[in-house]
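Take a look at the letters that make up each chain.
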Amino acid sequence: MLQDIRDKSQGIIVKVIIGVVIVTFALFGVEALVQSFTSTDTVAEVDGKEISRMQLLQSAETQRRQLISMMGGQIDPAMLEENALQRRALDELIQRTVMMNQAEQLNLGVSDAQVDAYLLQAEQFQTDGQFDQNKYLNFIRSLGFTPLAFKERIKQDVLIQQTRNALAGSEFVLPSQVKNIVALQNQKRSYDFIRYSLADQTEQVTVEDDALQAYYDEHQANFVTPEQVKIDYVVVSAADLQDQVEVSDAELNDAYQARVASFQGEEREAAHILVDTSSRSDDEAQARIAEIKAKLDDGASFADLAAEYSDDLGSKESGGDLGFVSRGIMVEPFENTLFAMEPGTVEEVKTEFGYHLVELKSVSETEAPSLADMRDELMSDLVAQKAKDTLLGAHETITDLAYASDDLSAIAKEYGLAVLTSDYFGRDGGTDDITSAPAVIAAAYSPTVLEDGHNSDLIELSDEQVVVIHKNDYKAEAKQTFEEAKDAITSIVVQEKALEELNQLAEQALETGAGDWTSVSSAERGQDEVTSLAFGLPHPIDGKASTGVETAANGDVVAIRLTEVSLGDQTVDDAQRDIYENYLSQTLASMTLRAQQNLLKNSAEIVRN
């Protein structure tokens, strides 16, 4: 491929293009050339404001990373398809532009100092409570932003949020609304029902081949063998790079010192008796402690008193025993008291949980292991971490090799790896770790790999493993023959016939009143599945029952006869009222924001290119 580029670069057309570039540089500067390539690269306009293809691609990549981060292996691969990502990204960019236009019309603003303060306080950019410049830069680079572009994005977010906060803050909830919600929530319903089993009915259903053939003829488009792809792939893992890692004696010693610094050399065997203050007053707790102390002074066993008096359910049955305790495990007052005691003594201490009588049984001193003892463990940890860092640093090289090659051989040769081949798999993925990864599935069915035959971009499977894929073979969607589809058709036709028969039985039962009815009185909302179906029926009118034939989650058919609806109690305590008010307020705010966004979008002049 590279040789082809060299050969073709000698042609007269290429020389003319290079000449134009040189003249453009000389007369107008580099910016004119860049603008000439990007001036028409507009994917949409919102009230005259352009959205560039670069913005679209960047937004789509951001969405892809967010989806993988939030949903991991549970994500639907279809959500990561390039076209789907770009459609969602363009919709979001249009909505953002609409909102930004409104913020500008309202003369809203945000200072650079406010943006800086927001970034400094963001937990995702902190290490040990302090802003981490490297973590910040790595994050924005992973999304394809420059620092200035990312700050501009944050500034836009803050501006948009100002209008949203203003709208959300204008919503309020009336006491009558809370009462109505409480009454609905506490409503009770009485009903009769018969449940017909779909599973039992399907066992009694028989169908003829003529009916199956007729169904196939009518629904041929539904019976297809889905498209499938087979891929070649190279997996580069941190473990593959460990032989490139060297650990110096200084690094080993630093790791040892860090490990020893956190080593807890002293452990204390303790027991305690807790007198809880959450269910009794402070005076009552102190009186109980005094009573226990008196019995200790009279020679009673600490373990026996713990079993009798302690409110710590986790330790009272074992005589209050806490085992060996090192620093950093217990709450501070308890720990300070315990580590100041002498073995065989009992001390009193108060914590957030109540009053404790603490018994120190013994003290165990242990020495930190030597460097020689820990050498293998430390080396293993250091090599593993440095290999991960090496893999991260190799991302650019792997990406370049994938881009510059027509197949995966260059990557495989560079890292001494084999090119592997998968089985065929569809858009729902395969059965192994590689072909079941959503990002791999999305890449395999992307136009770049599937249609153009190029290598994929580098795909991060984890922080210790990346993969690049290439199409090996593709099978297009194909119609199934009747024999191939017969089992599936039989299942469908049998189930449809069973459901039809059950619905007839249910309608007949409602019409005649005959059947094995079950009565339920004053059922509460969400009590069970059938009750939920009953709550979906309209109120009885003039004493006449409301009826319905409903379908349960497993396909069973339920005939329901709703006989009575009882109004719920509208009284509610303060804590519950706050919960309902918050729920209603959030719901109303969400509806208002959605309505406002739709209004702005419908009022804007939007042109999609």
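Because the structure is predicted, anything quoted here is derived from the model rather than measured.

Participant: Which residues make up the nonpolar core, and what values do they have?
Facilitator: Counting 26 residues, the largest nonpolar core has Val-234, Val-236, Leu-391, Ile-398, Ile-411 and Tyr-415 as the members making the most contacts within it. For this core, the leading source of residues is helix 16 (residues 371-404), giving nine residues. Discounting residues that sit within four places of it in the chain, Val-234 has contacts with Leu-408, Ile-411, Ala-412, Leu-417, Ala-418, Val-419, Val-466, Val-467 and Val-468.

Participant: Give me the lowdown on helix 13 (residues 282-297), citing residues and values where you can.
Facilitator: End to end, helix 13 covers 23 Å across 16 residues, agreeing with the expected 22 Å (1.5 Å per residue, within 8%). Turning to helix 13, its buried residues are Ala-285, Ile-289 and Ile-292. Considered in projection along helix 13, the buried side chains sweep an arc of 60° and stay on one side of the axis. Helix 13 presents Asp-283 and Asp-297 as exposed residues on the side facing more than 90 degrees away from its buried surface. Summarising the contacts, the buried residues of helix 13 are in contact with strand 8 (266-276), helix 14 (302-309), strand 10 (346-351) and strand 11 (354-365).

Participant: Outline the sheet that holds strand 9 (residues 321-325), supporting the account with residue identities and numerical values.
Facilitator: As summarised here, the arrangement of the four strands in space is 9-8-11-10, forming an open sheet in which the pairing is antiparallel. Each of the sheet's edge strands pairs with one partner strand only, and the pair in question is strand 9 and strand 10. Shown here is a sheet whose adjacent strand axes are inclined to one another by a mean of 35°, direction ignored. Contacts between helix 14 and the sheet are confined to strand 8, strand 10 and strand 11, with strand 8 contributing the most and set at about 40° to the helix.

Participant: So what's going on with the packing of aromatic side chains? Residues and values would help.
Facilitator: In total, this model carries eleven aromatic pairs according to the counting rule given. For the ring pair Phe-125 and Phe-150, a centre distance of 6.3 Å and an interplane angle of 80° mean the geometry is edge-to-face. Here Phe-125, found in the loop between helix 6 (112-121) and strand 3 (126-127), pairs with Phe-150, found in helix 8 (residues 147-169); they are 25 residues apart in sequence, far enough to count as distant. Residue classification places Phe-125 among the buried positions, given a relative accessible area of 3%.

Participant: Describe the pairing of strand 8, listing the residues and the values that go with them.
Facilitator: Pairing analysis gives eleven bridges linking strand 8 to strand 11, with the strands arranged antiparallel. Its bridge partner lying in strand 11, Ala-270 is registered against Leu-360. Where strand 8 lies against strand 9, four bridges are found, and the strand directions are antiparallel. The partner of Ala-271 across the bridge, within strand 9, is Asp-321.

Participant: Account for the confidence of the model for the chain, with residues named and values stated.
Facilitator: For the chain, per-residue confidence averages 86 on the pLDDT scale, and residues scoring 70 or more make up 92% of the total. Within the model, pLDDT remains below 50 along residues 1-40, and this stretch shows 13 contacts once partners closer than five positions in the same chain are excluded.

About the cut-offs
Residues numbered from 1 in each chain as written. Predicted model: local features only at pLDDT ≥ 70, side-chain atom pairs only at ≥ 80, totals over all residues. Heavy atoms only, no water. Core = buried A, V, L, I, M, F, W, Y, C linked by side-chain atoms within 4.5 Å. Buried < 20%, exposed > 50% of the residue type's maximum accessible area, 1.4 Å probe, protein only. Helix = DSSP H or I, 4+ residues; strand = E, 2+ residues; numbered from the N terminus. Contact = heavy atoms within 4.5 Å. Expected span 1.5 Å × (residues − 1). Arc of directions from axis to C-beta. Pairing = 2+ DSSP bridges. Axes fitted to C-alpha atoms, helices over the stretch in contact; angles between N-to-C directions. Phe/Tyr/Trp six-rings, centres within 6.5 Å; stacked < 30°, edge-to-face > 60°. pLDDT = per-residue confidence, 0-100.

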